[in-house]
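# Structural characterization, general
Next come the chains, spelled out residue by residue.
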Amino acid sequence: MTSVAIRPVLNGPSLQTRRRSPALGLAAICLGFLMITLDATIVNVALGPITAELGGSLAAAQWIVNGYTLGFASLLLTAGALADRVGARTGFVIGVGVFAFGSATCSAAVSLPMLIASRLLQGLGAAWLMPCSLALIAHAFPKAQERRRALAIWGGVSGIGLASGPVLGGVLTSAISWRAIFLVNVPVAAIAGRLLVRHVQETSRHRQPLDVPGQILAIAGLSLLTAGFVVAGEDGWGSGLALALLAGGAASALAFAAAERLAANPMVDPALFRSRTFSVSVTIGMIFNFCLYGSLFCLAIDMHMTHGLDALGTGLAMLPVTLVTGTAAFLSGRAVTRFGEWPVMLAGLAAGILAAVLVALNGTHGPLSAPPHSSCRR
């Protein structure tokens, strides 16, 4: 009788709750987010060795990068809606599993189409991880001060991914192989999934209709625009195929905007854009990501093809920009608290503009450490 009476207590929710560690739960969430940001930058320095082994042109190298970001961006909102149905913890576990499987197939790729398809699969996993990680933080840290601290750590992890990606990619590629930059995700995903199941509670489920037309138009618009830019870079802006792809992408984007106005449950509520603060913030965020990730890709290609650096040398040469970005991500929270959002945002944009101008003025074949116009003087 005693053992029967005690057993429910031992297996009850109170003991399970006591065994959970909020710190380890947050660590699991941050590990998942770290994989997202790390894989956005770690591949750039390995593009030379990848195309040398698997073949392909500059356009192929672009698709190795774009396959990941395209899958991520196209399915992000839909994955968030699906996570509401199954629960954020379940959605996070799905994302970790898909991301790990995509990483494993990337490392085993024997052709560029297989690698690009696997990168797309990684992007699908990342699309699940991003919204689920935010929902889990809000659920695990209900108090405003604790949630703010957890979000600061979560955002700082993004800086770690940006800063360490090129260097880690260079080290792994030079010491082992380019395949190692993908394979390293598998044990990280396993650890994140194990910690999450053990230390994070499931969120409530909400069954909401999916915006299928919006999802289809979003995928079409992003895919066609991306393909149009890649083809234009390869064949020139006068290419008929490039113009057709860009026109199709623009038409799909306009159709998406119209469909969201008519949808009962839109992926993106048009009412959000009535807020000037929201619209400006989203626009600035789009410009920032467009410029940062595009610059990292171009710099990696330039350092490999123009300056002849190997993967490790390219990663070390890119360390200043990624290290500053990572450090600023950690310090931005305090800066915003002291000075406000807009002064900090404007300061960041001004620094980015100045840096872009200095890089552009350095010339195509100038030395890595050269000041502006040095290549012209030579």
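Just so it is clear, the model here is predicted, and its values are computed rather than measured.

In an α-helix, one turn spans 3.6 residues, which is why side chains three or four residues apart end up on the same side. When helix α4 (residues 47-54) is considered as a whole, its buried residues turn out to be Leu47, Gly48, Ile50, Thr51 and Leu54. Seen from one end, α4 has its buried residues packed into an arc of 165 degrees, which puts them on one side. Close packing links the buried residues of α4 with α5 (58-86), α7 (112-140) and α13 (276-305). Immediately downstream of α4, the backbone of Gly55 shows phi near 85 degrees, a positive value.

This part covers the environment of Ser158. Note on placement: Ser158 falls in helix α8 (residues 144-175). Put simply, Ser158 and Ile36 are 122 residues apart on the chain and 8.4 Å apart in space, counted from C-alpha to C-alpha. Excluding residues within four positions of it along the chain, Ser158 makes contact with Phe33 and Thr37.

To continue, consider the confidence of the model for the protein chain. In this model, the protein chain carries an average pLDDT of 80, and 90% of its residues clear a pLDDT of 70 or more. Mean pLDDT values for the elements of the protein chain range from 36 in helix α17 (residues 374-377) up to 93 in helix α6 (residues 88-107). Between residues 370-378, whose pLDDT stays under 50, and residues either more than four places distant or in other chains, the model counts 15 contacts.

Procedures and definitions
- Every chain's residues receive numbers from 1 upward, in the order its sequence appears when written.
- Where totals are concerned, whole chains, interfaces and linings use all residues; where local detail is concerned, this predicted model gives features only for residues with pLDDT of at least 70, and gives and counts side-chain atom pairs only at 80 or more.
- The side-chain quantities take in all heavy atoms of the structure and omit both hydrogens and water.
- Exposure classes here rest on a 1.4 Å probe applied to the protein chains alone. A residue is buried below 20% of its type maximum, exposed above 50%, and partly exposed in between.
- Numbering goes from the N terminus for both helices and strands, where a helix is a DSSP run of H or I of at least four residues and a strand is a run of E of at least two.
- In this context, the arc is that of the directions from the helix axis out to the C-beta atoms.
- Whether two residues touch is decided by their heavy atoms; if any such pair falls within 4.5 Å, the residues are in contact.
- pLDDT is a residue-level measure of predictor confidence that goes from 0 to 100.

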